[in-house]
Amino acid sequence: MSALLIESNPADFQDFGALHVLISEAFAFMDGRIDPPSSIMAMGPDELRNKAMTEDFFMIRNAGGPLACLFGRSQGETYYVAKLAVAATYRRHGVARRLLDHAATHARAHGAAVLELQTRVELVENHATFARLGFHQIGATAHPGFSRPTSLTFHRALW
């Protein structure tokens, strides 16, 4: 898997339908487990195209299409990452770690001191994965209309 190339903001990429399928399939395990549903449920290919035009977009692909992706954006000294998705056949091979490390290098080069991400309270397996990837929980937030925490915020120092 080490030969997989991570592309940053690939200008020639246009198959946002395939990207939507990748993310939707990677997030499918959340269906019925999280409330409210993931924002990907309200997004389609056009919204992902707009996201890729306004945020940093990191992707691994082959001739068949996207295999993994991650979006990111600077927020001062914090670099927020979201929509990390890896195709099922490429999971447990370090692909997510490589994408996050690539985003960390990019973020450091642009003055960020920390990577930030959010994951849902119910997804305890994600909490453990992100801890193994160097993140630690720094807070909890509630989506609008909820009186209980629905998301946990994690940070990973870059320096």
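Residues numbered from 1 in each chain as written. Predicted model: local features only at pLDDT ≥ 70, side-chain atom pairs only at ≥ 80, totals over all residues. Heavy atoms only, no water.

Asker: I would appreciate a short explanation of the pairing of strand β5 (residues 114-120) in the present structure.
Answerer: Where a strand is regular, its side chains alternate between the two sheet faces. Counted residue by residue, β5 has six buried out of seven residues, so it is predominantly covered. In terms of handedness, the path from strand β4 (residues 78-86) via helix α3 (residues 95-109) over to β5 forms a crossover that is right-handed. Of the strand pairs in this sheet, β5 and strand β7 (residues 151-157) are connected by seven bridges, and their pairing is antiparallel. For R120, the partnering residue across the bridge sits in β7 and is S151. (Buried < 20%, exposed > 50% of the residue type's maximum accessible area, 1.4 Å probe, protein only. Helix = DSSP H or I, 4+ residues; strand = E, 2+ residues; numbered from the N terminus. Right-handed = clockwise from strand over helix to strand, strands pointing away. Pairing = 2+ DSSP bridges.)

Asker: Even after reading the chapter, I still don't get the pairing of strand β3 (residues 65-75), so can you show me in this structure?
Answerer: In terms of burial, β3 is largely enclosed, as eight of its eleven residues are buried. Strand direction decides the pairing type here: strand β2 (residues 56-62) and β3, joined by seven bridges, are antiparallel. Paired with N62 across the bridge in β3 is G65. Between β2 and β3, which pair antiparallel and follow one another directly, the connecting turn spans two residues. As judged from the seven bridges shared by β3 and β4, these two strands associate in the antiparallel manner. Note that in β4 the partner of A68 across the bridge is V86. Remark: two residues form the turn of the hairpin made by β3 and β4, two consecutive strands paired antiparallel; G76 in that turn has positive phi of roughly 70°.

Asker: Can you walk me through the nonpolar core in this structure?
Answerer: Across soluble globular proteins, nonpolar side chains have a tendency to be buried as a group. Residues L19, I23 and F57 are the most contacted members of the largest nonpolar core, which totals 46 residues. When contributions to this core are tallied by element, the ones reaching two or more residues are α1 (16-27), α2 (45-54), β2, β3, β4, α3, β5 and β7. Excluding residues that lie within four positions of it along the chain, F57 makes contacts with E7, S8, N9, P10, F13, F16, L19, A52, C69, L70 and F71. (Core = buried A, V, L, I, M, F, W, Y, C linked by side-chain atoms within 4.5 Å. Contact = heavy atoms within 4.5 Å.)

Asker: For this particular structure, what's the right way to read the side chain of K51?
Answerer: Inspection of the secondary structure puts K51 in helix α2. Residue class for K51 comes out buried when judged on its relative accessible area of 13%. Ignoring sequence-local partners within four residues, the contact set of K51 consists of M43, F71, R73 and K83.

Asker: Quick question: what am I supposed to make of the sheet that holds β7 here?
Answerer: In a beta sheet, neighbouring strands pair by backbone hydrogen bonds and run either parallel or antiparallel. Read across the open sheet, the seven strands follow the order β1-β2-β3-β4-β5-β7-β6; overall the sheet is mixed. The sheet terminates laterally at β1 (6-8) and β6 (136-141), the two strands that pair on one side only. Direction aside, neighbouring strands of the sheet carry axes that sit 30° apart on average. Bridge count for β1 against β2 is three bridges, and the pairing is antiparallel. Residue pairing for β2: I6 is matched across the bridge by I60. (Axes fitted to C-alpha atoms, helices over the stretch in contact; angles between N-to-C directions.)

Asker: Which parts of the structure should I look at to understand unusual backbone geometry?
Answerer: Among all residues save glycine, negative phi is the norm, and among peptide bonds the norm is trans. Here the residue pair D35 and P36 is connected by a cis peptide bond, since its omega of 5° sits within 30 degrees of zero. Note that P36 resides in the loop between α1 and α2. A positive phi angle, close to 50°, is found at N9, a residue other than glycine. You can see N9 is positioned in the loop between β1 and α1. Relative accessible area serves as the criterion here: at 38%, N9 is assigned to the partly exposed category. With a phi angle near 65°, R92 is a residue other than glycine that sits in the positive phi range. Looking at the secondary structure, you find R92 in the loop between β4 and α3. Relative accessible area serves as the criterion here: at 81%, R92 is assigned to the exposed category.

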